[in-house]
Amino acid sequence: MNEEKASALLVEDNRGDARLFLDMLAHNESFACEVTHVMRLADALSALGARAFAVVLLDLSLPDSRGLETFEAVHAAAPDAPVVVLSGADDEALALAAVQAGAQDYLAKDHADRYTLVRAVRYALERKRAERVARERQGLQEAVGAMERVLGVVAHELRTPLTSLRLISEYLLTEEGRDISLNEHFLRAINSEVLRMADMVTTILEAARLESGAARWNWGTVLVEQVCHDALDLVRPMTDLSKVVLEATVTPAGLTFAGDADAVRRLVINLVNNAVQHTPEGKIEVRAEEVDRNGQRWVRLTVRDTGPGIPPEVVDRLGSAFALNTGVAASSRPGGTGLGLAICRGIAAAHGGDISLASAAGRGSTFTVMLRADLPGPARADHPPRIFLEAAA
């Protein structure tokens, strides 16, 4: 039976050793292997950037790189390719350090023969394949867990409006329910519940797309002042303006950055809406400003409220999609689903940033979002960073 050839990259600057290894791999009937040979780290990195190799055979002492840094550079360039370190008699401790750093195996050149070389390559391939299968299995388990949480949230969140609709419909089917004067009242109630369920389903789907990395982005120029004022205009009708003051400040005037304006608007809306729910009276302030971080241009968005604050033990659950964040809201309000903040995490991550929280009991909460200002397109956001806690001022 013909065996598909494995592709190997041999990185070895000693021509004699290289010829020996090439001969061992080329003349082996039990293991077909196509070998590309390079002598320098720079050439190895170039080859790894051009194509994928099933395995890398790596000498750590090269003309342009020596020691553990050689392995680290190769591993960073091709993290999924198993690496077998080729070591001399004096390099065994270094080779072992490379294995501890992530190499699959090491092979002493002085003791290498056709059998041990092929065995080392095969074992490296099998171990890497086993690791890949384990990761895929874990990913499937996490996906199943996420689906269970989705179903739990759907069941929990839709049960109340569905119960209302059932009771209204049952009443309308009774003799008393035929009173036409009450029709408008019930129709408004039905419409309100349907809109609530539709918005809930949309939010769940949006959070799921962000969580899975399948979201679509419309990259362009974000007009920060317009985004902030649009968000406040949308939230304002849901706020008792006699008790809560809403403010927005943007510095400098005319601030812009590269991103998805609709997504950033949604992020601000979610954060302000969350603040409104937990601030029965006081002030909610949105601030946006340009800042420098390590020589890069960033935009910092903060949403500060004067609500009751968030307990530190609850922070690690904030923004977990499909998780009920009981304990976050005031005792008179039900716990949230975490979907709004999960969406915020995904949007921030796509803009190369993250979200932090500063909160103190009785002194309100401040969510801070850092967004890269110069990204030409969305950053990969399969696993958005969690919301982390900062010390309250």
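Structure report, in brief.

Cut-offs and rules
- Residues numbered from 1 in each chain as written.
- Predicted model: local features only at pLDDT ≥ 70, side-chain atom pairs only at ≥ 80, totals over all residues.
- Heavy atoms only, no water.
- Buried < 20%, exposed > 50% of the residue type's maximum accessible area, 1.4 Å probe, protein only.
- Helix = DSSP H or I, 4+ residues; strand = E, 2+ residues; numbered from the N terminus.
- Pairing = 2+ DSSP bridges.
- 1 Å grid on protein atoms, 1.4 Å probe; cavity = no way out; pocket = protein on both sides within 12 Å on 5 of 7 lines; lining within 4 Å.
- Points joined across faces, edges and corners; volume = space filled by probe spheres on them.
- Nonpolar A, V, L, I, M, F, W, Y, C, P; charged D, E, K, R; others polar.
- Axes fitted to C-alpha atoms, helices over the stretch in contact; angles between N-to-C directions.

**Considering the pairing of strand β6 (residues 83-87)**
So, point 1. Across the five residues that make up β6, a large majority, five, are buried.
So, point 2. Where burial is concerned, the two faces of β6 agree: the one with V83, V85 and S87 and the one with V84 and L86 are both buried.
So, point 3. The sheet contact formed by strand β3 (residues 55-59) and β6 spans four bridges and is parallel. Along β6, the bridge assignment pairs D59 with L86.

**Comments concerning empty space enclosed by the protein**
The probe, sized like a water molecule, is rolled over the atoms to show the empty space still left.
So, point 1. Tallied over the entire structure, the rule returns two cavities of 30 Å³ or more.
So, point 2. Looking at the largest cavity, its volume works out to about 70 Å³.
So, point 3. In terms of lining residues, the largest cavity is bounded by eleven residues, among which H278, D305, G309, I310 and S365 are the most central.
So, point 4. Considering only residue class, the lining of the largest cavity consists of five nonpolar, five polar and one charged.

**Some words on the sheet that holds strand β14 (residues 364-372)**
So, point 1. What the six strands build is an open sheet, ordered β9-β11-β12-β14-β13-β15; its pairing is mixed. Two strands lie at the open edges of the sheet, namely β9 (244-251) and β15 (388-390), each paired on one side alone. Strand-to-strand twist in this sheet, taken as the mean axis angle between neighbours without regard to direction, amounts to 20°.
So, point 2. As judged from the ten bridges shared by strand β11 (residues 282-293) and strand β12 (residues 296-305), these two strands associate in the antiparallel manner.

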